[in-house]
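Letter by letter, the chains look like this.
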Amino acid sequence: MRRVIRPHLLFFLVFISLFPFSKSVDGDEYKISNLTTVLIKDMSSMLNFCIKNVEEDLNGAFDYTDNMDFITNCIKKTKGDVTRRLCTAAEIQFYFSSLFSKGIKTGHVKVNKNCNLKSWVEGCEPGWGCFANPDQEFDLQDSNYMPIRTRDCQPCCEGFFCPKGLACMIPCPLGSYCPLATLNKSTGVCDPYNYQIPPGKSNHSCGSYCPNTLTKISCTCFKLTTCNPNTSNQNIHGYGVMLFVALSLLLLIIYNFSDQVISTKERRQAKSREAAAKHVRETAQARERWKAAKEAKSQKRAEQQASDASKSTDPELPPPQSNVSEQASKGSKEKKKEPGDLTKMLHSIEDDDHKIKFSKYAYGQIEKEKAQQNKNLTFSGVISMATDHDIRTRPMIEIHFKDLTLTLKRNNKHLLRCVTGKLSPGRVSAVMGPSGAGKTTFLSALTGKTAAGCAVTGLILVNGKNEPIQAYRKIIGYVPQDDIVHGNLTVEENLRFSARCRLSADLPKPDKVLVIERVIESLGLQAVRDSLVGTVEKRGISGGQKKRVNVGLEMVMEPSLLILDEPTTGLDSSSSQLLLRALRREALEGVKHLHGTSPTKMFDDLILLAKGGLVAYLGPVKKLEEYFSSIGINVPDRVNPPDHLIDILEGIEKPASVTREQLPVCWMLHNGYPVPADMLDLTEGLSIASGSNPNTSGGGAGDQSFVTDMPEDSKSSVSKSKDLSNRTTPGILRQYRYFLGRVLKQRLREGQMQAVDLMILLLAGACLGILVKVTDETLDSTGYTFTVIAVSLLSMIAALRTYSLDKLEYKRETEAGISSLAHFLAKDTIDMFNVIIKPVAYLSMFYFFNNPRSSFQDNYVILMCLVYCVTGIAYVLAIAVAPSLAQLWAALVPVVLTLIANQGKDSTVQKYFGKFCYTKWALEAFVITNAERYSGVWLLTRCRSLESGGYSLNDSSLCLIVLVVYGVVARIVAFIILVTR
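None of these values were measured; they are calculated from a predicted model.

Calculation criteria
- Residues numbered from 1 in each chain as written.
- Predicted model: local features only at pLDDT ≥ 70, side-chain atom pairs only at ≥ 80, totals over all residues.
- Heavy atoms only, no water.
- Salt bridge = Lys/Arg side-chain N within 4 Å of Asp/Glu carboxyl O.
- Helix = DSSP H or I, 4+ residues; strand = E, 2+ residues; numbered from the N terminus.
- Buried < 20%, exposed > 50% of the residue type's maximum accessible area, 1.4 Å probe, protein only.
- pLDDT = per-residue confidence, 0-100.
- Contact = heavy atoms within 4.5 Å.
- Phe/Tyr/Trp six-rings, centres within 6.5 Å; stacked < 30°, edge-to-face > 60°.
- Lys NZ or Arg CZ within 6 Å of the ring centre and 35° of its normal.

(A) Spotlight on the pattern of salt bridges. For the structure shown, the criterion picks out 22 salt bridges. Taking the shortest distance from any N to any O, the salt bridge between K547 and D483 comes out at 3.3 Å. Of this pair, K547 sits in helix α15 (residues 543-555) while D483 is found in the loop between β14 (476-479) and α13 (491-502), placing the two residues 64 residues apart along the sequence. For K547, a relative accessible area of 5% translates into the label buried. Since its relative accessible area comes to 26%, D483 is described here as partly exposed. K827 is the salt-bridge partner of D806, the closest N and O atoms lying 2.4 Å from each other. In this pair, D806 is assigned in the loop between α23 (801-804) and α24 (807-815) and K827 in helix α25 (residues 820-850), connecting sequence segments 21 residues apart. The burial state of D806 is the same as that of K827; both residues are buried. Through salt bridges with shared partners, a single ionic network connects E492, R496, E517 and R529.

(B) Here's a closer look at the confidence of the model for the protein. When pLDDT is averaged across the protein, the result is 75; 69% of the residues are at 70 or more. Across residues 313-353 the pLDDT falls below 50, and counting only partners more than four positions away or on other chains, this stretch makes 12 contacts in the model.

(C) Representation of the packing of aromatic side chains. In total, this model carries 15 aromatic pairs according to the counting rule given. Ring geometry for Y784 versus F926: centroids 4.7 Å apart, planes at 10 degrees, classification stacked. A residue pair is termed long-range when its members are at least 10 positions apart, and Y784 in helix α22 (residues 781-799) and F926 in helix α29 (residues 918-931) qualify at 142 residues. Here the aromatic rings of Y847 and F856 are separated by 5.5 Å at their centres, their planes lie at 80 degrees, and the arrangement is edge-to-face. For Y847, a relative accessible area of 15% corresponds to the buried category. Across from the ring centre of F497, 4.2 Å away, lies the NZ or CZ of R742, which sits over that ring. In this structure, R971 is placed above the aromatic ring of Y868, and the distance from its NZ or CZ to the ring centre is 3.7 Å.

Here's what the structure looks like:
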């Protein structure tokens, strides 16, 4: 707890140089020696909150040994003993106690025995003092006795301070200038101190009133600066204007050309990629020509040999010429020495950089895949054939689900009910049904993505074991209904990042590039691979292309199970066919589960849901019409069967045999499932034989049924945290590196927004620097108060964008197994640029227009800690609340906390909440840094200002540490909220 300044200690600050007096031999002079060293111990213990180096600070204010002219002049002008005009310790103590007393007007002294309503001698007027009565004996160091002063009042000597209401003189601290006052007859005041002489006393001359020394030191100004009168600071606005113009031009350049750096690099990479593709195509064509020429040559040789054999029996034929054969042999040797096209390609690949090498490798494999497209080969088989490596297979996933039910807890409403079936590897399944049938709900329940407030019952087995499906999330892809893609990244950048973070860590880079190129090729995204996806504000690729990118994000991780929610919504027929063909090819490696209305021939199995989340059919597509014909529903000619059945379930078509409510019951009876009690009334009139269920998985006799009995080995259970996918993805450090690259690109593409933020800070610094004037009496606390508010507000609102704009993208990536810690650390690392550069932008204007006494470096360090702190608070707001509320809180928090910090040390609010306000520590750091520059005559002002705010010079480092700790704690809280929401 800081000590409250005491009046008798303030006495030492201004009266320290008066003791002891030593009289010279002739008795005409007095010398004042410096007693700083005597009182250092007391000063160090009692005034340590405003004085760091007691000896240095006190010597700077009261060491008169170098210049005693003001004492000599005062002795010469004083008629009598000068010591009897000096204030005693009691009078000094009384004076300063008046200054710090509540309810007393600033600069006024309380009534005392010499100056009161009954007795007001001329020495009580400002600039005047009186001798102590001769019949009194007193000691100047006596802090209890105040002598009576009514005799021989004279003007205050130069270099001494004679306040109003106190009839004695106090020596002035060093560093001040106050000559003998002169009467201005036109105004009737004593210049330059603006106090009036007593009315009716025209002979009352002006004395020295303000604490100043005798020598006037002129201000030396630098170039482009001015020195205003009666000030100790230079006016450096000229430098501020020049810097403002320079920084504004720089920000305008950044605003207009910020994206050119990335665009230039992308164009260069595109040219290299196109060259690689062209090289591969030419090589493939040359290889085909070489094969054709080789076959033609072999055929011609065979024909020649047959002709030679027939002519060998004719003796008239001349023998073959040896020189021709020798020339041919020589020519063939020369040709062998020349490298072929394939050799040239390999050498050129070795000479190129890694990216071009990987692109050539990928395009070469794709060309080989195209050459084998008519053969029944999987992609991994094609790659193995092309590279002579072992076949890289994906682990298979088979999912059984029985009586899967999802219920709202608040009203027990069923969103999904009694769903039983199986998803087999290598088959494409479609989930269809009318609006509100629970298609998305079924997918969410199957993948464990149910929302809070829902209860899921039933049994889900993965590969015959009772294991949570989240344990396989590294090899399961989920494509949401909405296109959740980073709009400020290109198509290829989105796909590359997903592949890097989700493919196996030990997969070679060329193979990763091959996977990305294969997905781009299969989804028809070659033309837009270098185009930004686009956002609401900035137009990018088309909606259909964005949908395909949304699917491609999951395809590049080579999933064993791919679940898509409305994958063809918003696509035209050609785009839908292109997407479904790509998924069909992917189905050779794993199960693909589609959701939406699409061409039926592209699917193997169909799950048809009725309203209420009940199953109307679950089985092979080829037996769909057969089953519904058995219950009296026939599909008209040239009508898509699922469309006709959905119309029935929607109520648009009404069959004669059954109602739409009875269709789920028909399916239960057909498969021998128990019918819920509340649906038994729907069984009336239904006569469906069980046992002849059509829901087998395909044409083979060995195919298993969708409704086959659950495996016996279903008792094992594992925790959700255990990973069973057998895929080792990159660790946190590698993902952190990938995130750094991605976030850096996003920030560079948002260069215009960054430039606008910095421009606003420049304007704020210039406006506050001009409007808020430096006041030495308050150590410029007003200017720093507005600085804390402005910098906190602008930095916090800008930092909200870090997490407010991509919450959905983060959720998707986290559910896919990408590290949340790497994501958080990468964003915070990139935001350190703002922590470093924003204080420079603000201070470059505020410092030159406001010109505080503290140094630029000290202010920069404080502002950097402040921006780091408020950035962490902005993370918490951006993650915890909606964007609109986060902006409101970001505007409210700095203002309210700054008001609390300015309540004063005696305020109840400040007492209980002040230490928890970051603004209090930031403001204290600013005031302390500025107060350290006030010395000499300003020592008393420094102590008074620090005491009134409850600040201490020793807490400068503590303030910075607290700001940094608050920033770290805020980031920890933000990360906890991020991973738990």
